[in-house]
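Chains, contacts and geometry: an overview
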Amino acid sequence: MPSDPYENHDAALPPPVRDHLGQQLRSAYNAEAAKPDYLGDPSLPPEFTPQLRRLETRFKAHDTGREAVADALKDILSDPPGKR
């Protein structure tokens, strides 16, 4: 139990704070990164590649699971109760 009753370590930051911090981080990384060679060229440091790949995989798995559950619920809800 935290010593301060008002301290919650599990609380997420409010969306405006997250957006602001994300913008600040992108600005800092972009200031240090090499300039892109062409429009759309990612200017993130190569050290981020493994983390970005894991994040992309996680998002894809989440979307695939969400679609599977939605399809299953659609099938269940579209069948009349007496035909199951």
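Quick note: structure is the one above.
Everything numeric in this text was worked out from a predicted model, so none of it was measured. (Residues numbered from 1 in each chain as written. Predicted model: local features only at pLDDT ≥ 70, side-chain atom pairs only at ≥ 80, totals over all residues. Heavy atoms only, no water.)

**Considerations on the overall build of the protein chain**
In terms of helices and strands, the protein chain carries 2 helices and 0 strands. Of the accessible surface of the protein chain, which amounts to about 8,000 Å², a share of 59% is contributed by carbon and sulfur atoms. (Helix = DSSP H or I, 4+ residues; strand = E, 2+ residues; numbered from the N terminus. Areas by Shrake-Rupley, 256 points an atom, 1.4 Å probe, with all protein chains shown as cover.)

**Looking at the pattern of salt bridges**
Under the definition given, this model contains 2 salt bridges. Here Glu56 ties to Arg53 by a salt bridge, and the two come within 3.3 Å at their closest N and O atoms. Taken together, the residues Glu56 and Arg53, both in helix α2 (residues 49-78) and 3 residues apart, mark about one turn of the helix. Residue classification places Glu56 among the partly exposed positions, given a relative accessible area of 46%. (Salt bridge = Lys/Arg side-chain N within 4 Å of Asp/Glu carboxyl O. Buried < 20%, exposed > 50% of the residue type's maximum accessible area, 1.4 Å probe, protein only.)

**Comments concerning a negative patch on the surface**
Judged by side-chain charge, Glu67, Asp71, Asp75 and Asp79 come together as a negatively charged surface patch. Along the chain, the position of Glu67 falls in helix α2. Glu67 gets classed as partly exposed once you look at its relative accessible area, which sits at 45%. (Patch = residues over 30% accessible without salt bridge, like charges linked within 9 Å, V, L, I, M, F, W, Y side chains within 5 Å. Lys, Arg positive; Asp, Glu negative; His and termini not counted. Charge placed at Lys NZ, Arg CZ, Asp CG, Glu CD.)

By themselves, these observations are geometric and do not establish any function.
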